[in-house]
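# Topology and contacts: notes
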Amino acid sequence: MTLSHDVAGDGPVLVLLHSGVCDRRMWDAQWPALIDAGYRLMRCDFRGFGETPAPDRPHSDAEDVLALLNSLGIAQATLVGSSYGGHVALQIAAQWPDRVNALALLCSALPGHEPSAELNALGEREEALLEAGDIAAATELMVDTWLGPDADETAREAVRRMQRHAFELQMSAAEEFEPIEAEIDLAAIQAPCLAVSGAHDLVDFRQIAARLPDLLPNAEHVELSWAGHLPSLERPTAVTDLLIGFLRERVPVG
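A few points on the structure.

A few words on the environment of Arg-99. Mapped onto the elements, Arg-99 comes out in the loop between helix H3 (84–95) and strand E5 (100–106). What makes Arg-99 buried here is its relative accessible area of 15%. For the pair Arg-99 and Arg-156, spaced 57 residues apart in the sequence, the C-alpha separation amounts to 34 Å. Those residues within four positions of Arg-99 in sequence are excluded, and the remaining contacts are Leu-66, Leu-69, Asn-70, Ile-74, Ala-75, Gln-76 and Ala-77. A polar contact is formed between the side chain of Arg-99 and the backbone oxygen of Ile-74, at a distance of 2.8 Å.

Here it is in structure tokens:
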């Protein structure tokens, strides 16, 4: 299966990987600005999100993204990942380190992370609502949980639209397949990394971002005092500027 995707721009390649409550449309605000900054962009929908069908067999999201890069002739790229997209980015960078020249991780998940009681309780509440067929309530739970206090109604409606579509797409599948995760060694990652956390996010993701400089050889941690879990939607311009500042230092154009 080829993931639904967009490609535009010229210059060093940036691959934008979406969170588990959104799809590739979450990068709409960053898309034109990063192209104007001199980069070639690719964004995709994982299986069961956006315009990519739900999985009908065991699969690896990391391998799906790598196959897409191969089909597009992209030998090396910077990976920009939000939440679950950061998890996928770390898998790719650990398994195929020569394909990744930098990482920018926004409130990233981490392979092998043991969820907190709060995160487990959230998952149980979400599952109970979906099993009861209350997609609307499950969607609102995700919107309320993952967006910080600076998110306006436009951001809330965007997440609401993307999350509800993902729920409907995944629940319509004949069988549910969770992504396969390979065992990885984070020490294999050599690419410089910007790890961003939000002060209003769940503790899991704040701790992950703070730990990454100890786990990776060339990582820096920045916490945004105003942010929840999806800062690129909460303050799009601020996050775009942060990304461009990091990219100009680590992946200069020209």
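One broad rule of soluble globular proteins: the nonpolar side chains tend to lie buried together. Ranked by size, the top nonpolar core spans 85 residues in total, and within it Val-15, Val-65, Leu-103, Trp-146 and Leu-230 carry the most contacts. Considering every element that reaches this core, the biggest residue donor is H3, with seven residues. Once you skip the residues sitting within four places of it in the chain, Trp-146 turns out to touch Val-21, Leu-119, Leu-122, Asp-201, Leu-202, Phe-205, Gly-228, His-229, Leu-230 and Glu-234.

Moving on: unusual backbone geometry. With a phi angle near 55°, Ser-83 is a residue other than glycine that sits in the positive phi range. Ser-83 sits in the buried class, given a relative accessible area of 9%. Although it is not a glycine, Cys-107 adopts a positive phi angle of roughly 55°. On the secondary structure map, Cys-107 appears in the loop between E5 and helix H4 (117–131).

One pair of aromatic rings is described through two measures. These are the centre distance and the angle between the planes. In total, this model carries two aromatic pairs according to the counting rule given. Consider the rings of Phe-46 and Tyr-84, whose centres lie 5.6 Å apart with planes at 80°: the pair is edge-to-face. Residue Phe-46 is located in the loop between strand E3 (40–44) and helix H2 (61–71), and its partner Tyr-84 is located in helix H3; the two are separated by 38 residues in the primary sequence. Each member of the pair, Phe-46 as well as Tyr-84, carries the same accessibility label: buried. In this structure, Arg-43 packs its charged tip against the face of Trp-31, placed 4.4 Å from the ring centre.

By the definition in use, this model includes 16 salt bridges. For the salt bridge of Arg-47 with Asp-64, the shortest nitrogen-to-oxygen distance reads 2.7 Å. Of this pair, Arg-47 sits in the loop between E3 and H2 while Asp-64 is found in helix H2, placing the two residues 17 residues apart along the sequence. A residue is classified by how much of its surface remains accessible, and Arg-47, at 11% relative accessible area, is buried. Between Glu-157 and Arg-160 there is a salt bridge, with its nearest N and O atoms 2.8 Å apart.

Let us now look at the side chain of Thr-139. Relative to the assigned elements, Thr-139 resides in helix H5 (residues 135–146). Since its relative accessible area comes to 2%, Thr-139 is described here as buried. With sequence-adjacent residues up to four places away left out, Thr-139 is seen in contact with Arg-160, Gln-163, Arg-164 and Phe-167.

A few words on a negative patch on the surface. On the surface, Glu-124, Glu-127, Glu-131, Glu-176 and Glu-178 cluster together into a patch of negative charge. Positionally, Glu-131 belongs in helix H4. Judged by relative accessible area, which is 63%, Glu-131 ranks as exposed.

Interaxial distance between H4 and H5 falls to 7 Å at its minimum, and their mutual angle equals 155°. Comparing their axes, H5 and H4 come out roughly antiparallel. Of the two elements, H4 crosses H5, and the hand of that crossing is left-handed. On the side of H4, the interface is formed by Leu-119, Leu-122, Arg-125, Glu-126, Leu-129 and Leu-130, while H5 contributes Ile-135, Ala-137, Ala-138, Leu-141, Met-142, Thr-145 and Trp-146. A breakdown of the residues in the contact of H4 with H5 according to their chemical character gives 10 nonpolar, one polar and two charged.

For the rest of this paragraph, the subject is H5. Between its first and last C-alpha, H5 extends 16 Å over 12 residues, near the 16 Å set by a 1.5 Å rise per residue. If you check which residues of H5 are buried, you get Ile-135, Ala-138, Thr-139, Leu-141, Met-142, Val-143 and Trp-146. Close packing links the buried residues of H5 with H4, helix H6 (153–171), helix H7 (203–215) and helix H8 (231–234).

Cut-offs used in this document
Residues numbered from 1 in each chain as written. Predicted model: local features only at pLDDT ≥ 70, side-chain atom pairs only at ≥ 80, totals over all residues. Heavy atoms only, no water. Helix = DSSP H or I, 4+ residues; strand = E, 2+ residues; numbered from the N terminus. Buried < 20%, exposed > 50% of the residue type's maximum accessible area, 1.4 Å probe, protein only. Contact = heavy atoms within 4.5 Å. Polar contact = N/O pair within 3.5 Å; in protein donor to acceptor, adjacent residues only side chain to side chain. Core = buried A, V, L, I, M, F, W, Y, C linked by side-chain atoms within 4.5 Å. Phe/Tyr/Trp six-rings, centres within 6.5 Å; stacked < 30°, edge-to-face > 60°. Lys NZ or Arg CZ within 6 Å of the ring centre and 35° of its normal. Salt bridge = Lys/Arg side-chain N within 4 Å of Asp/Glu carboxyl O. Patch = residues over 30% accessible without salt bridge, like charges linked within 9 Å, V, L, I, M, F, W, Y side chains within 5 Å. Areas by Shrake-Rupley, 256 points an atom, 1.4 Å probe, with all protein chains shown as cover. Lys, Arg positive; Asp, Glu negative; His and termini not counted. Charge placed at Lys NZ, Arg CZ, Asp CG, Glu CD. Axes fitted to C-alpha atoms, helices over the stretch in contact; angles between N-to-C directions. Parallel < 35°, antiparallel > 145°, perpendicular 65-115°, else oblique. Left-handed = near helix turned anticlockwise from the far one by under 90°. Nonpolar A, V, L, I, M, F, W, Y, C, P; charged D, E, K, R; others polar. Expected span 1.5 Å × (residues − 1).

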